[in-house]
Amino acid sequence: MVRVDYAPWGINPPHTHPRATEILTVLEGSLQVGIVTSNPENHLISKVLEKGDVFVFPIGLVHYQRNVGYGNAVAIAALSSQNPGVINIDNAVFGSEPAIKTDILSKDFQVDESVSSLIQSKF
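Residues numbered from 1 in each chain as written. Predicted model: local features only at pLDDT ≥ 70, side-chain atom pairs only at ≥ 80, totals over all residues. Heavy atoms only, no water.

(A) A look at a nonpolar patch on the surface. Taken together, Phe109, Val111, Val115, Ile119 and Phe123 make up a surface patch of nonpolar side chains, about 380 Å² in accessible area. A relative accessible area of 40% places Phe109 in the partly exposed class. (Patch = residues over 30% accessible without salt bridge, like charges linked within 9 Å, V, L, I, M, F, W, Y side chains within 5 Å. Areas by Shrake-Rupley, 256 points an atom, 1.4 Å probe, with all protein chains shown as cover. Salt bridge = Lys/Arg side-chain N within 4 Å of Asp/Glu carboxyl O. Buried < 20%, exposed > 50% of the residue type's maximum accessible area, 1.4 Å probe, protein only.)

Right under this line is the structure:
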C-alpha cells in the first residue's frame, strides 16, 4: 500500500503497472481518474472521485490521476503484487536509452521530426 499526496491540480501522469491491478481509495479531496481501454477502442473512461470513493485500475491499462480541487488531495493505493512495476508512458517513449529514432516517433505521432527531437530533449 502507498499513500499518495496531490497538490492542488497535481497529477500522477499516465502510466501502467504491467504486473498488478491497482485499487485507489480517496481519503481527502477530489481526484479525476482515467483509464484507457486496450486496442482497438482505446476508449478513455474518466470519473471524478470524492472522499470515500474507490476505483480499480486493471492490470496493464494506462491510467492517471489528477487533483481537481483547490486544496490538497490524499489517496491510498493498493497493488495486487509486491512487484507491480511501473511504466511512465512519457519516459518510456521519449526518454528511452538508447533513444527511439525520431523518424519512428514522428510517423507514430504524425508530427515533424523536429517536434519529436524537441520532446526527446526534455527527457
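(B) Region of interest: the nonpolar core. If you look at the biggest cluster of nonpolar residues, it comprises 14 residues, and the most contacted ones within it are Tyr6, Leu24, Leu31, Val33, Leu49, Phe55 and Phe57. Of all the elements in the fold, those that place two or more residues in this core are strand E1 (2-6), strand E3 (22-28), strand E4 (31-36), strand E6 (54-57) and strand E8 (73-79). (Core = buried A, V, L, I, M, F, W, Y, C linked by side-chain atoms within 4.5 Å. Helix = DSSP H or I, 4+ residues; strand = E, 2+ residues; numbered from the N terminus.)

(C) Up close: the pattern of salt bridges. Summed over all chains, the structure comprises one salt bridge. Arg3 is the salt-bridge partner of Asp5, the closest N and O atoms lying 2.9 Å from each other. The class of Asp5 is partly exposed, set by a relative accessible area of 49%.

(D) Just the packing of helix H2 (residues 102-109) against helix H3 (residues 113-121), in detail. Look at H2 against H3: their axes get within 8 Å of each other, and the N-to-C directions meet at 110°. With respect to H3, the element H2 is oriented roughly perpendicular. Residues Thr102, Asp103, Leu105 and Ser106 of H2 form the contact with H3, whose participating residues are Glu113, Ser116, Ser117 and Gln120. The residue makeup of the contact of H2 with H3, split by class, is one nonpolar, five polar and two charged. (Axes fitted to C-alpha atoms, helices over the stretch in contact; angles between N-to-C directions. Parallel < 35°, antiparallel > 145°, perpendicular 65-115°, else oblique. Contact = heavy atoms within 4.5 Å. Nonpolar A, V, L, I, M, F, W, Y, C, P; charged D, E, K, R; others polar.)

(E) Representation of the side chain of Ser30. Residue position: Ser30 is located in the loop between E3 and E4. Sequence-distant contacts of Ser30, defined by excluding residues within four places in its chain, comprise Val48, Leu49, Glu50, Arg66, Asn67, Val68, Gly69 and Ala73.

(F) Examining the packing of aromatic side chains more closely. Across all of its chains, the model carries four aromatic pairs by this definition. Between the aromatic rings of Trp9 and Tyr70, the centroid separation amounts to 5.8 Å while the plane-to-plane angle is 80°, which identifies the pairing as edge-to-face. Separated by 61 residues along the polypeptide, Trp9 in the loop between E1 and strand E2 (11-16) and Tyr70 in the loop between strand E7 (62-67) and E8 bring together distant segments of the chain. Trp9 gets classed as partly exposed once you look at its relative accessible area, which sits at 41%. Ring-pair connections join several aromatic residues into one group, and the members of that group are Phe94, Phe109 and Phe123. (Phe/Tyr/Trp six-rings, centres within 6.5 Å; stacked < 30°, edge-to-face > 60°.)

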